[in-house]
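Fold and geometry: a report
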Amino acid sequence: MRSSFDWDWAYVQDAMPQLLGGLLVTLRITVLAIGGSFVLGALLATGLSLNKRPLRAALSLWIDLVRGSPLLIQLFFWYYGLPQFGVFLDAELIGVLALSIYCGAYIAMVLKAGIDNLPKGQWEAAEVVGIRGATLWRRVVLPQVIRDTLPSIGNYAVLMFKYSPVLVAITVSEALSAALEVGGRTFRYLEPLTVVGALFVAVSVPVALLIRYAGRKHASAL
Amino acid sequence: MVLVGGLGAIAMISQRRWLRLLTTMVLELTRGSATLVVLFWAFYVLPRFGLEFPPVVVGVAVLGVIEACYAAEVFRGSLVAVPKGQWEAARTSGISGLALLRRIILPQALPLIISPLGNLTIQLLKFTSLLSFISIRDLTSRALQLRYHLGHSALIFGCLIVVYFILARAIQFAVQRIEHRFAIKGRGRELPELLLAVEGA
């Protein structure tokens, strides 16, 4: 057996294309999930704000269930459960859906808080000038709420990126699975896992710092 | 976890610049990493350095360290949230060091951290499901086994979602009780922006 600390750069070089390919898939999934969770979150938050009690109760229960259970379990639920109902989807698509649903619930809470914080005058002014229904939401409420909550939503975007390796459980070939595959082929996990771990940090830390910086700037501009 | 987090927080607001920089960097990097990747790394790579532990130890250690880093941020936020005047007034009247922290600052800061810490605990509960990846026989891996033998996937995982949900609810309930008990009288319950940022993270 070789000595314990023997970082092999040639090996890293060989594995790099596959690892970067995996990271690309991870990023693709993340971007899709950001879009999906945002749309879902906006719909949920709007539903929560309408004054329809049964609808609100149902949506609250949904959000609490999603937020109260692990992403991994939900992933299994959709991945193994959907085919039982005759729905067969690609694993990556299920991964995107599960991530969207998971983070959508959190984003819904953020947006809901944003809606509640919107000055009352905005609603009243809109009513006075005759803006109602979907137009009110689309043109008056949501644009302001989204602007105010963007930093928090950015945090969840980073979170989705960091959670996406869980998709390895349902055979999606993202960054972590690429590392495990390379490692499994050669029985050397040191390099691929370290590189992938570093890649995750290298992407998420700058983005997180940027979001925090933007958020602070935004806060002081108000 | 709480202890390490507390130390980290104190180090982060310390007067010594290098200490502050170092801890901030370490915490930032840890929080930027993907939990599952770190878990796999600890499971597969550490044995190469002769550090061979049972999977349970590896799992608890990894989750503990990562949670501690999030907790440190919560603590830091709570310490910063205590008005500056409190620090200055205490220093002026000759209270310093540990006594300052213990008698003046912490009693004011601690009520603020209860709710975010509760959220972190729920996050930790949810993270434990990841341990099934490194061959720990937790709830999740049992469910997978059951599914393998019985089928009924939707039912099994649906039940599991409800079980985790109930556990999370129980934690939330306990946290609310504690928060109620420690609520500072005459002070709003609104949390500083900093603490909210950590919630659910």
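Refer to the structure presented above.
The text that follows walks through the structure, step by step, so that each part is easy to find. What you see is a predicted model, and the numbers here were worked out from it, not measured in a lab. (Residues numbered from 1 in each chain as written. Chains lettered and ligands numbered in written order. Predicted model: local features only at pLDDT ≥ 70, side-chain atom pairs only at ≥ 80, totals over all residues. Heavy atoms only, no water.)

Looking only at helices and strands, chain B has 9 helices and 0 strands in total. Taking all 201 residues of chain B together, the buried fraction comes to 44%. In chain B, 73% of the contacts between residues at least 6 apart in sequence involve partners at least 24 apart. Summing over all exposed atoms, chain B offers an accessible surface of approximately 11,000 Å²; the carbon and sulfur share of this is 67%. (Helix = DSSP H or I, 4+ residues; strand = E, 2+ residues; numbered from the N terminus. Buried < 20%, exposed > 50% of the residue type's maximum accessible area, 1.4 Å probe, protein only. Contact = heavy atoms within 4.5 Å. Areas by Shrake-Rupley, 256 points an atom, 1.4 Å probe, with all protein chains shown as cover.)

This next bit is on the overall build of chain A. A count of helices and strands for chain A gives 8 helices and 0 strands. The order of α-helices and β-strands along chain A, N terminus first, is α-α-α-α-α-α-α-α. Overall size of chain A, expressed as C-alpha extent along the three principal axes, is 80 × 50 × 25 Å. The burial tally for chain A puts 50% of its 222 residues in the buried class. Considering only intrachain contacts with a sequence separation of at least 6, the fraction spanning at least 24 residues in chain A is 76%. On chain A, roughly 11,000 Å² of surface is accessible, and the fraction owed to carbon and sulfur atoms is 66%. For chain A, the centre of its 18 positive side-chain charges and the centre of its 13 negative side-chain charges are spaced 13 Å apart. (Lys, Arg positive; Asp, Glu negative; His and termini not counted. Charge placed at Lys NZ, Arg CZ, Asp CG, Glu CD.)

Now for the interface of chain B and chain A. Across the boundary between the two partners, chain B contributes 40 residues, which contact 45 residues of chain A. Interface of chain B and chain A: buried area, both sides summed, is about 3,700 Å²; carbon and sulfur atoms make up 71% of it. The largest contributions to the chain B side of the interface with chain A come from Arg48(B), Lys126(B) and Ile161(B), which together make up 19% of the buried area. Where chain B meets chain A, there are 2 salt bridges. Between Arg169(B) and Asp64(A) there is a salt bridge; the shortest N-O distance is 2.7 Å. Counting across the chain B and chain A interface gives 10 residue pairs in polar contact (both at pLDDT 80 or more). Of all the secondary structure elements, the ones that give two or more residues to the side of chain B that touches chain A are helix 2 (17-32), helix 3 (35-44), helix 6 (97-127), helix 7 (139-150) and helix 8 (153-182) of chain B. No other element matches helix 8 of chain B, which puts 10 residues into the side of chain B that touches chain A. In terms of residue class, the side of chain B that touches chain A is built from 23 nonpolar, 10 polar and 7 charged. (Buried area = accessible area lost by both parts, 1.4 Å probe. Salt bridge = Lys/Arg side-chain N within 4 Å of Asp/Glu carboxyl O. Polar contact = N/O pair within 3.5 Å; in protein donor to acceptor, adjacent residues only side chain to side chain. Nonpolar A, V, L, I, M, F, W, Y, C, P; charged D, E, K, R; others polar.)

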